[in-house]
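# Observations on the three-dimensional arrangement
Listed here are the chains, written in short residue letters.
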Amino acid sequence: MTTELDGLAERLRAFARARDWEQFHTPKNLAMALTGEVGELVAELQWLTPDESRHPDPDTLSRITAELGDVAIYLVRLADVLGVDLIAAAHAKLDIGERRYDPDTYRGTARKAPPLPDS
């Protein structure tokens, strides 16, 4: 079964192929482009109050949405070029977070957990 993420990855592959841009889509270049887009997203949020960032006005939300789209595009493309299952990678990281951050110990705190011992 094809997921929407798989469909997006295929569309991005076709987009790059049609323009002969695959030659430029190295992991290094894609990671650098992703970093730039994350910077543009941060710039949209940088000077907002916490409340404004939670409830942006329509114009700001439109710009944030566009930047999130750019971030998603480069992240999905990077994972695709590297052959990484992005959903599986996210689940694996969440599994680690669930083991590291016991809810009873870490509820309501931003305290960093110690690294997990090697298994």
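Residues numbered from 1 in each chain as written. Predicted model: local features only at pLDDT ≥ 70, side-chain atom pairs only at ≥ 80, totals over all residues. Heavy atoms only, no water.

### Some thoughts on the overall build of the chain
Convention followed: By definition, any uninterrupted DSSP run of H or I lasting at least four residues is a helix, any uninterrupted run of E lasting at least two residues is a strand, and each is numbered from the N terminus. Whether a residue is buried, partly exposed or exposed follows from its accessible area with a 1.4 Å probe, protein chains only, as a fraction of its type maximum: under 20%, in between, or over 50%, in that order. Contact definition: two residues touch when any of their heavy atoms are within 4.5 Å. Each accessible area is a Shrake-Rupley estimate made with a 1.4 Å probe; only the visible protein chains count as cover when residues are assessed. Positive charges come from Lys and Arg alone, negative charges from Asp and Glu alone, with His and the N- and C-terminal ends not counted. A charge is said to be at NZ when it belongs to Lys, at CZ for Arg, at CG for Asp and at CD for Glu.
From N to C terminus, the chain includes six helices and zero strands. The principal-axis extent of the C-alpha atoms belonging to the chain is close to 50 × 45 × 30 Å. Every one of the 119 residues in the chain was classed for burial, and the buried ones make up 15%. Sequence-distant contacts in the chain: of pairs separated by 6 or more residues, those separated by 24 or more amount to 54%. Of the roughly 9,000 Å² that the chain leaves accessible, carbon and sulfur atoms contribute 60%. Of the charged side chains in the chain, 14 are positive and 21 negative; the average position of the first set lies 5 Å away from that of the second.

### Considerations on the packing of helix H1 (residues 4–18) against helix H4 (residues 58–82)
Put simply, the test is: Lines fitted to C-alpha atoms define the axes, with helix axes restricted to the stretch in contact, and inter-axis angles between N-to-C directions lie between 0 and 180 degrees. When an angle is under 35 degrees it counts as roughly parallel; over 145 it counts as roughly antiparallel; between 65 and 115 it counts as roughly perpendicular; any other value is oblique. When residues are sorted by character, Ala, Val, Leu, Ile, Met, Phe, Trp, Tyr, Cys and Pro go into the nonpolar class, Asp, Glu, Lys and Arg into the charged class, and all the rest, Gly among them, into the polar class.
Viewed as axis vectors pointing N to C, H1 and H4 meet at an angle of 85°, and their least axial separation amounts to 9 Å. Considering the angle they form, H1 stands roughly perpendicular to H4. For the pair H1 and H4, contact is made by Leu-5, Leu-8, Ala-9, Leu-12, Arg-13 and Ala-16 and by Ile-73, Val-76, Arg-77 and Asp-80, respectively. Per-class residue counts for the contact of H1 with H4 are seven nonpolar, no polar and three charged.

### Things to note about the packing of helix H2 (residues 27–45) against H4
This is how it is decided: Handedness of a crossing is defined here by the sense of rotation of the near helix relative to the far one, left-handed for an anticlockwise turn of less than a right angle and right-handed for a clockwise turn.
Where H2 meets H4, the closest approach of the two axes is 9 Å, and the angle between their N-to-C directions is 165°. Between H2 and H4, the interaxial angle falls into the category roughly antiparallel. The handedness of the crossing between H2 and H4 comes out as left-handed. In terms of residue class, the contact of H2 with H4 is built from 16 nonpolar, one polar and seven charged.

### Examining the packing of aromatic side chains
The line we're drawing: Think of it this way: a Phe, Tyr or Trp ring, Trp meaning its six-membered ring, pairs with another when their centres are within 6.5 Å, and the plane angle makes it stacked under 30 degrees, edge-to-face over 60, tilted otherwise. The criterion for a charge sitting over a ring is simple: Lys NZ or Arg CZ within 6 Å of the ring centre, and within 35 degrees of the ring normal.
Under the definition given, this model contains two aromatic pairs. Here Phe-15 and Trp-21 contribute two aromatic rings whose centre-to-centre distance is 5.6 Å and whose plane-to-plane angle is 70°, an arrangement assigned as edge-to-face. Among the residues examined, Trp-21 registers a relative accessible area of 37% and is labelled partly exposed. On the numbers, 5.1 Å between centres and 75° between planes, the contact of Tyr-101 with Tyr-106 is edge-to-face. Judged by its relative accessible area of 28%, Tyr-101 falls in the partly exposed class. Between Arg-19 and the ring centre of Phe-15, over which it is positioned, the NZ or CZ distance is 3.6 Å. When the ring centre of Trp-21 is taken as reference, the NZ or CZ atom of Arg-19 above it lies at 5.9 Å.

### Remarks on the layout of surface pockets
Put simply, the test is: Two kinds of site are reported from a 1 Å grid over the protein atoms alone, namely cavities, where a 1.4 Å probe fits but cannot get out, and pockets, open sets with protein on both sides within 12 Å along at least five of seven lines, and residues are called lining when an atom falls within 4 Å of a point. Grid points are joined across faces, edges and corners, and a volume is the space filled by probe spheres set on the points.
Estimated volume of the largest pocket: approximately 200 Å³. Around the largest pocket, the lining residues are Thr-3, Leu-5, Asp-6, Ala-9, Arg-13, Val-76, Ala-79, Asp-80, Val-84, Asp-85, Leu-86 and Ile-87. Elements that contribute at least two residues to the lining of the largest pocket include exactly H1, H4 and helix H5 (86–100). Residue contributions to the lining of the largest pocket peak at four residues, all from H1. Grouping the constituent residues of the lining of the largest pocket by class yields seven nonpolar, one polar and four charged.

Keep in mind these numbers describe shape, not what the thing actually does.
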